Every structure is written in C-alpha cells, then in structure tokens.
Amino acid sequence: MPSDKTEAPPLPEPLRVPVADSHTHLDMQSGTVEEGLAKAAAVGVTTVVQVGCDLNGSRWAAETAAAYEAVHATVALHPNEAPRIVHGDPDGWSRQGARRPGGEGALDEALAEIDRLAALDQVKGVGETGLDYFRTGPDGEAAQERSFRAHIEIAKRHGKALVIHDRDAHADVLRILEEEGAPERTVFHCYSGDAEMAGICARAGYFMSFAGNMTFKNAQPLRDAIAVAPLELLLVETDAPFLTPAPYRGRPNAPYLIPVTVRAMAAVRGIGEDALATALAANTARAFDY
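In this numbering scheme, every chain counts its residues from 1 along its sequence in written order. It should be noted that, the model being predicted, local features are given only for residues of pLDDT at least 70 and side-chain atom pairs only at 80 or more, the latter also being counted only at that level, while totals for whole chains, interfaces and linings use all residues. Just so you know, side-chain values use all the structure's heavy atoms and leave hydrogens and water out.

Enquirer: What am I meant to see in the sheet that holds strand β7 (residues 207–210) here?
Expert: Hydrogen bonding along the main chain pairs the strands of a sheet, whether they run parallel or antiparallel. Strand order in the open sheet formed by 8 strands is β1-β2-β3-β4-β5-β6-β7-β8, with parallel pairing between adjacent strands. Of all the strands in the sheet, just β1 (19–24) and β8 (234–236) have a single pairing partner and so form its edges. If you compare each strand with its neighbour and ignore which way they point, the axes differ by 30 degrees on average. Two strands pair when backbone bridges link them, and β1 and strand β2 (residues 45–51) are joined in this way by 4 bridges, in the parallel orientation. Whether two strands pair comes down to DSSP finding at least two bridges between them. By definition, any uninterrupted DSSP run of H or I lasting at least four residues is a helix, any uninterrupted run of E lasting at least two residues is a strand, and each is numbered from the N terminus. Orientation is described by axes fitted as lines to C-alpha atoms, over the contacting stretch for helices, and by angles from 0 to 180 degrees between their N-to-C directions.

Enquirer: For this particular structure, what's the right way to read the packing of helix α5 (residues 138–158) against helix α6 (residues 170–180)?
Expert: When two helices pack together, their arrangement is given by the angle between their axes and by how far apart the axes lie. Interhelical geometry of α5 versus α6 gives an angle of 45 degrees and a closest axis separation of 11 Å. Taken together, the axes of α5 and α6 lie oblique to each other. Both α5 and α6 take part in a crossing whose hand is right-handed. Residues Glu145, Phe148, Arg149, Ile152 and Lys156 of α5 pack against Val173, Arg175, Ile176, Leu177, Glu179 and Glu180 of α6. Residues belonging to the contact of α5 with α6 are distributed by class as follows: 5 nonpolar, no polar and 6 charged. Should an angle fall under 35 degrees it is taken as roughly parallel, and over 145 as roughly antiparallel, whereas 65 to 115 is taken as roughly perpendicular and any remaining angle as oblique. For any pair of crossing helices, the crossing counts as left-handed if the nearer helix is rotated counterclockwise from the farther one by less than a right angle, and right-handed if it is rotated clockwise. By definition in these notes, contact holds between two residues if any of their heavy atoms fall within 4.5 Å. Residue polarity follows a fixed list, in which Ala, Val, Leu, Ile, Met, Phe, Trp, Tyr, Cys and Pro are nonpolar, Asp, Glu, Lys and Arg are charged, and the others, Gly among them, are polar.

Enquirer: Looking at this model, I keep getting lost on the pattern of salt bridges. Mind explaining?
Expert: Opposite charge on two side chains lets them pair, provided their charged atoms get close. Should a side-chain nitrogen of Lys or Arg be within 4 Å of a carboxyl oxygen of Asp or Glu, the pair is scored as a salt bridge. By the definition in use, this model includes 15 salt bridges. A salt bridge links aspartate 108 to arginine 146, with the nearest nitrogen and oxygen atoms 3.1 Å apart. Residue aspartate 108 is found in helix α4 (residues 103–118), and its partner arginine 146 is found in helix α5; the two are separated by 38 residues along the sequence. Between buried and exposed lies partly exposed: a residue is buried under 20% and exposed over 50% of the maximum accessible area for its type, with that area taken using a 1.4 Å probe on protein chains only. Overall, the relative accessible area of 41% leaves aspartate 108 in the partly exposed class. According to the relative accessible area criterion, arginine 146 is partly exposed, its value standing at 31%.

Enquirer: How do you make sense of unusual backbone geometry when you look at a structure like this?
Expert: Glycine aside, negative phi is the norm for most residues, and most peptide bonds take the trans geometry. Cis geometry is adopted by the peptide bond preceding proline 241, which originates at alanine 240 and carries an omega value of 15 degrees. With respect to the helices and strands, the residue proline 241 is situated in the loop between β8 and α9 (258–269). Backbone torsion omega between alanine 246 and proline 247 reads 10 degrees, so that peptide bond is classified as cis. With respect to the element layout, proline 247 can be found in the loop between β8 and α9. With phi around 55 degrees, aspartate 168 is a residue other than glycine that occupies positive phi space. Taking the relative accessible area as the measure of exposure, aspartate 168 reaches 54% and is therefore exposed. The backbone phi angle of aspartate 239 is positive, close to 55 degrees, even though this residue is not glycine. Its location among the elements puts aspartate 239 in the loop between β8 and α9. Taking relative accessible area as the criterion, aspartate 239 reaches 9% and is therefore assigned buried.

Distances and angles like these do not, on their own, reveal function.
Quick look at the structure:
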C-alpha cells in the first residue's frame, strides 16, 4: 500500500467569509509561494502572516511580505535559536547547520538585525519569541530569557505585535510579560494553555491563536480554552508545515487547511462558521495592524 503520510490533504470546502492564517512558515512548505497563496485563497484564506524564526528566515519573511500583498511578516529569533547562537549548535539541528559558540556578542548582533527588520512597514510583528523548556537546559534558558526580553522591547519601540512561542513555560512567559510590560498587541501563537490560563490572558488582553492541534483527541484542555476565551481575542493559524488538523494529522500542513480548524473551533463555541470567521478576520487585522 502506498503511504499517504507525505501526500497533501485535499482542499476543504471553502469558507464563505475569508480569514487569515495568523502564523505560517511558507519557507518550510513544499511548492512556491504563489502556489501556496493560490490554494489558500481558493478556500477563503486570503491573508497569511509569515513568521521568522532566525535571521535568514526573518529576512526572507520581510522580502516575501514586500513582494506579496497577501503576506505580512514577523521577524525574530525563535526561543531555541538564542541558545544556539550563544552556545553553538554542534549537531546542526537548526537549518543553519553546525555552528560554533558565538557568545553574548553574537546574540547582540543578531538582535540588532531583528531590530532593523522590525522597523520595516511590511513587518507587522516581532516573533516568534518567548520560552521553550522542552529541549533546553538551564544554560539555554538564560539565553532564551535575555532574547525574549529584548524582543519585547523591540516590539514596543516599533509599535509592532509581539508573537509568543510558549512551550512548557507558561508561568515564566506570563511573569516576564508582566515584568517588562507587554506590548499593546500580544499574541500567544499555537496557544497551549488551559481554560484557567485563557482567563489570565483574557484579563491582560492577549490574543490566543489556535492551531490544528486543537482537533487532536488529547487536546481537551485546548477546546476548553476556546470555549471560554473572549471571541474578540481568538485567532486561527496553521503553524504549517506542522500541526496538521485531524483527520490529516501527520501529513503536510499548509494555509489552505485553515477551514478545517475554523469549523472545529466553531463547533466548540457552538456558533456558525460564518460568525466565527467574521470575528477571526477582524481580530487578526487588529492584532497585526493591517
């Protein structure tokens, strides 16, 4: 039997109300940008936010957003990128290949470049930044925190949205946001908290963006969060090529699969998909100021 794990899922039924994919990585998806945008537009996903994770990816995001009206960019050093810059990456786990330790000076240089990119008009956000304790030891955590605090400052100074990556680090992410003072527009990308944390985010006015993993069987805490989060703070994203929604889990994700997640979210909320799509479209434009 041929394996269908590498095969792209079929196009879902188009949304009647167009929405945005608030977080995607076109540079990690197969096919051209044109093809990806055309497939997305065919099902009512008319805008995408292309997210940078390192210097090369952030430059690419800014260039791509300048070239395509449907694309907005964010720029950042991913939480896992900061330790690699400071302490090196002997295994070449990131897309840059093996790297020698650059120390604090190298992190300063990289942050200065993110600062320069963040000033560009087509760059609507600073992120994804934050904390990721999943594969980081204590040394790496210090580099992550320094980088996160610097990104918060950059976002505020340029008046851009802050896009947060929070993996196994809820309490510290919330604490640092409070200590630094969160930017006016802050987005928890691929929201991974529960209903209780959704209440905390709601009181702070943070946007919560949900990805295809909210459809997974074990994701009841995410569905509970969707049920209680204020409608005006909900966003939807793919995080493609990752987190493909059920029933296509494990196959390549792309912005055109947003309708699958929108419909799952609408079912959790008990509202029509048009009403949810209308809110999602307005929220994403407000979050990223486009």
